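# Summary of the model geometry
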Amino acid sequence: MINIWKRTGASPGRRPRNKMADDKEREGTELVVAEFHKKIKDAFEVFDHEANNTVDVREIGTIIRSLGCCPSEGELHDLIVEVEEEEPTGYIRFEKFLPVMTKVLLEKRYRPIPEDILLRSFEVLDPSKRGFLTKEELIKYMTEEGEPFSQEEMEEMLSTAIDPESNSIRYKDYIAMMVVDDG
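### Remarks on the packing of helix H7 (residues 135–144) against helix H8 (residues 151–161)
In the contact formed by H7 and H8, the axes pass within 11 Å of each other and the chain directions differ by 145 degrees. In this structure, H7 crosses over H8, and the sense of that crossing is right-handed. In this structure, H7 uses Lys 135, Leu 138, Ile 139, Met 142 and Thr 143 to contact H8, whose residues at the interface are Met 154, Met 157 and Leu 158.

### Observations concerning the packing of aromatic side chains
Counting across every chain of the model gives 4 aromatic pairs. Between Phe 122 and Tyr 171, the aromatic rings sit 5.3 Å apart at their centres with planes inclined by 0 degrees, giving stacked as the arrangement. Here Phe 122, found in helix H6 (residues 115–125), pairs with Tyr 171, found in helix H9 (residues 171–178); they are 49 residues apart in sequence, far enough to count as distant. Owing to a relative accessible area of 7%, Phe 122 belongs among the buried residues under this scheme.

Criteria and cut-off values
- Residues numbered from 1 in each chain as written.
- Predicted model: local features only at pLDDT ≥ 70, side-chain atom pairs only at ≥ 80, totals over all residues.
- Heavy atoms only, no water.
- Axes fitted to C-alpha atoms, helices over the stretch in contact; angles between N-to-C directions.
- Helix = DSSP H or I, 4+ residues; strand = E, 2+ residues; numbered from the N terminus.
- Left-handed = near helix turned anticlockwise from the far one by under 90°.
- Contact = heavy atoms within 4.5 Å.
- Phe/Tyr/Trp six-rings, centres within 6.5 Å; stacked < 30°, edge-to-face > 60°.
- Buried < 20%, exposed > 50% of the residue type's maximum accessible area, 1.4 Å probe, protein only.

Written as structure tokens, this is what we have:
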């Protein structure tokens, strides 16, 4: 008697494989990968000032964030270690960066925090529900709590977050400006 399960690549309890569906799925994945490769290459080239397929290691965080990923400083450090040469040169080669970044994007790692969670986080820091934090409060929270911001990160955030007239951050407006649109 012919074992139908072996012939179809299936086993009892699993549906027989459909070659056309598998091919379509593979084509879809290949299309997604090709799209990611183009986005990664475009982002990398912006910082490849010598046009030699290398970028300064200090630009990797900016490149990764421009691709919609938001790793912590620790996660960014781990990624850099993964793409650096065995003897670090201060530069990252595109050939090493591409497969690692493709995998990150396919796995949807380091996704931005959703808008509602960001809002709740700001509301925790604003117990009197004023709808804003003063510049001083923001600096205190961002440099003394959790994973502290560097001076450069703090200056960058303040330049976009703080309303110069009130010297405060209206966090709902700031969140609306900062949220990454997946579309």
